[in-house]
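Listed here are the chains, written in short residue letters.
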Amino acid sequence: DAGKTDIASTELKSVVQGAAGLADTSPCLTDIASMSGNDTYDRLSQRCRNVLIEESLPSMEDRKNKVLEVLKSLGGEDTTKQIEELVQDNITGSDILFPVLRAAADVSEQLKVLEITARKQYQSYNITEFCPMADQGALKFIYHNKPRASVFSSSSRITSMTDLTRAMSNSKLSDLDRSDSESSLQSAEEKGKVPSDVPRVALLKICNSLGDANALKSILQQFPQYDGSAPPCRAGPANVLSIFVLESYSGDDEGSLAKSIETLLARVLEDLEKADIRRVTFVIPRANHPLPSVFTFRETAAFTEDHLYRDIEPEMSYQLEMLRLTKNFSVTYLGAHLSPSGQVYLYKATPKASALAHDKKANKAPRIFARAVSFIGEFSAGTFEQLLVEAFNAVDSIKTSDQGGDNHLFMNVVSESQSSVIDPVMVEQVVSSILKRYSERTARLGIAEVEAKTVCRLAEDAHPISLRLVASNPTGFVQVVNTYIEAANESGSKRVFKSIGGTKASMACSGDSSWEDLDVNTPYPLTRPFDAQRKAALRSSDTLYCYDLPALFEAAIEKQWADATGKGSQPAMVMFTTELVVKKKSGGPWTIEDYADGSLELVEAQRKAGKNDVGMVAWLMTLKTVEYPNGRQVVLIANDITHKAGSFGTREDVVFKLASEFARARRIPRLYIAANSGARIGLAEGIKKVFKVAFKDPSS
């Protein structure tokens, strides 16, 4: 009856009222949280979800007391270990930073708080030495950049996991390091980047008020480059300065506060240069908000604020890949959510007019971009699922009854040591199975694409590589995951995505590999690749894009195995697929005349989706069904409804005929999924050339 009652009515009794605690009401709240159907249900279920999410997290007060308790016990040889355990538990966060600083007994305890903060925020760097300066109310430490993940040369063929492992062996990498493309790429990336062998200095300073920060010159003198005792970084400024202001501000006008800090920094530009400062960050608590304001001023922008990174810890910004959002979207920050395993940042992205001018049919509605980062010791199914659920909860907390769509979730699982040995095939299977379990929730949140990134090794002695998995549900029936690594492009000037052969999606032809050869910094498009073809197929004949069909066959077989009892265990791969492509024996494009001359052949190929130039596509599929667990072959033929309106011409006839003959010769079934607009009737080119057209009556 809740849906029939005004939720603002005083006659409606609360399910929480009179309960000993929320634990007693969780079953009821969970049922209500799943309601949908009208505005009242949507508002009520939203409130219940928020209550459940908040109740599942430890309170700020509990976490604050836990940190203060650890601070009192710090000391001796176990100090570093105790701090690292506190960081790994993800109890510390920016929401309790200033309450803990104010509650600290003395400056010494405050500096320990800063050390905890530094170890948490700089987990993606190698910290080598801490130097507390109690008389200055500051903490200084030395750190280094970790080596960047290796890339492959454009000539490397990664058609299987064997190729990938061989390419990542030490000898192969030595060849890559000597290649022109790799050397060119390293040279391009080193511009402005601080090399991993250069020691960097970070100084964290506590100020009672913003006025105390006027003494910036004396703070900058603590950097070794200021007095010449250490040389400046050859690649450009390397050091960082962070100011923590204890005094709160109203939080009403962040823009004016940022301008005040810019004016402050403008007075010491020469000193900032002498100290080899790369960026300055001010962290200031807000009076009526649990999270502080974060302002970052970079040397590359003459120490003016970068609005895109406001309220993001600068050490975290690199992990979020924010620049991919800003070319095509106007971005509005919606807030950050600290979770037990990481941090989730939420943004409202509205398509820019300039982007809509190039993609006139794109969805003009705003969408949500969620960026989640987690620092873990080792990638596992449990850590991925936990971060995924926490990211869903964060998105859920801001959702309204307007479901929208085209939302995007990016998850960066950062391994602290980058030494985790991971099989990309295993990662793909883990991600696919987890996303399948949460498919309904993914759809309800309007998340069209889930992108996961991690850095790993294929063997103990191998170099680290960057692994990227992109999952979507283009058919609405099954999640498809494509797996990529980073490689150098042909000119060696940039990093691009390169798909891995031998993974589930590639062997089953269930993925579209739409990110293949894209720059790793490619902006997110308004319309995802192949969405136009999918919409065209749906609009013209109420059907699917032909390259999405193999994924449905795979899903049907997996469902058959799931429903079967006592029939054995499901194979790891239930389907293997190769495309059957018509080619000219001598190479190059082919015509119907080549068919008449016997110059064509049908070959098996692992071709990327959408590479066809004929409106007919065929595959050879090996299906490991319950009846045939060892696999049986079938030929699947389908029209491409998006090619010349799905019409049937002579070239389509050739593909259909040769694929059918292929099936008959092997005595295997042939399946044809028809979705076309009929025959494409036209004259042969040879006849057109001799045709002469004239009016029957010239006077008319």
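Here the structure is shown first, and the text comes after it.
Residues numbered from 1 in each chain as written. Predicted model: local features only at pLDDT ≥ 70, side-chain atom pairs only at ≥ 80, totals over all residues. Heavy atoms only, no water.

Among the structural elements, Ile398 can be located in the loop between helix 16 (381–396) and strand 11 (407–415). In sequence terms Ile398 and Ile368 are 30 residues apart; their C-alpha atoms lie 9.6 Å from each other. (Helix = DSSP H or I, 4+ residues; strand = E, 2+ residues; numbered from the N terminus.)

This part covers the sheet that holds strand 4 (residues 239–245). Across the sheet, 7 strands lie side by side as 1-2-3-4-5-6-7; this open sheet has mixed pairing. A strand with exactly one partner marks an edge of an open sheet, and here the two such strands are strand 1 (125–133) and strand 7 (304–305). In terms of strand pairing, strand 4 meets strand 5 (residues 277–284) through 6 bridges, oriented parallel. Bridge pairing in strand 5 links Asn239 to Ile277. The sheet strands contacting helix 5 (residues 94–103) are strand 3 (200–207), strand 4 and strand 5, and the helix crosses strand 4 at an angle near 70 degrees. Seen against the sheet, helix 11 (residues 254–266) touches strand 5, strand 6 (293–298) and strand 7 and runs at an angle of roughly 40 degrees to strand 6. (Pairing = 2+ DSSP bridges. Contact = heavy atoms within 4.5 Å. Axes fitted to C-alpha atoms, helices over the stretch in contact; angles between N-to-C directions.)

Here we come to the sheet that holds strand 10 (residues 367–376). The strands making up a sheet associate through backbone hydrogen bonding, with each pair oriented either parallel or antiparallel. Strands sit in the order 8-9-10-11-12-13-14-15 across an open sheet of 8 strands; the sheet is mixed. Among the strands making up the open sheet, the edge pair consists of strand 8 (329–338) and strand 15 (495–499). Averaged over all pairs of adjacent strands, the angle between their axes in this sheet comes to 20 degrees, without regard to strand direction. Direction of pairing for strand 11 relative to strand 12 (residues 447–456): parallel, over a ladder of 7 bridges. Residue pairing in the sheet places Asn407 in a bridge with Ile447 of strand 12.

Summed over the entire model, instances satisfying the criterion amount to 18 aromatic pairs. An angle of 85 degrees between the planes, with centres 5.2 Å apart, marks the rings of Tyr125 and Tyr143 as edge-to-face. With Tyr125 in strand 1 and Tyr143 in strand 2 (residues 138–145), this pair connects stretches of sequence that are 18 residues apart. A single burial state applies to Tyr125 and to Tyr143, both of which are buried. Taken together, a centroid distance of 5.1 Å and an interplanar angle of 40 degrees make the contact between Phe130 and Phe141 tilted. (Phe/Tyr/Trp six-rings, centres within 6.5 Å; stacked < 30°, edge-to-face > 60°. Buried < 20%, exposed > 50% of the residue type's maximum accessible area, 1.4 Å probe, protein only.)

The next subject is the packing of helix 4 (residues 79–88) against helix 6 (residues 107–121). Packed helices, taken two at a time, are described by the angle between their axes plus the distance between the axes. Remark: helix 4 packs on helix 6, axes separated minimally by 9 Å, with the N-to-C direction vectors making an angle of 60 degrees. As far as their axial angle goes, helix 6 and helix 4 are oblique. Where helix 4 crosses over helix 6, the handedness of that crossing is right-handed. Touching Thr80, Ile83, Glu84, Leu86 and Val87 of helix 4 are Glu115, Ile116, Arg119 and Lys120, all from helix 6. Grouping the constituent residues of the contact of helix 4 with helix 6 by class yields 4 nonpolar, 1 polar and 4 charged. (Parallel < 35°, antiparallel > 145°, perpendicular 65-115°, else oblique. Left-handed = near helix turned anticlockwise from the far one by under 90°. Nonpolar A, V, L, I, M, F, W, Y, C, P; charged D, E, K, R; others polar.)

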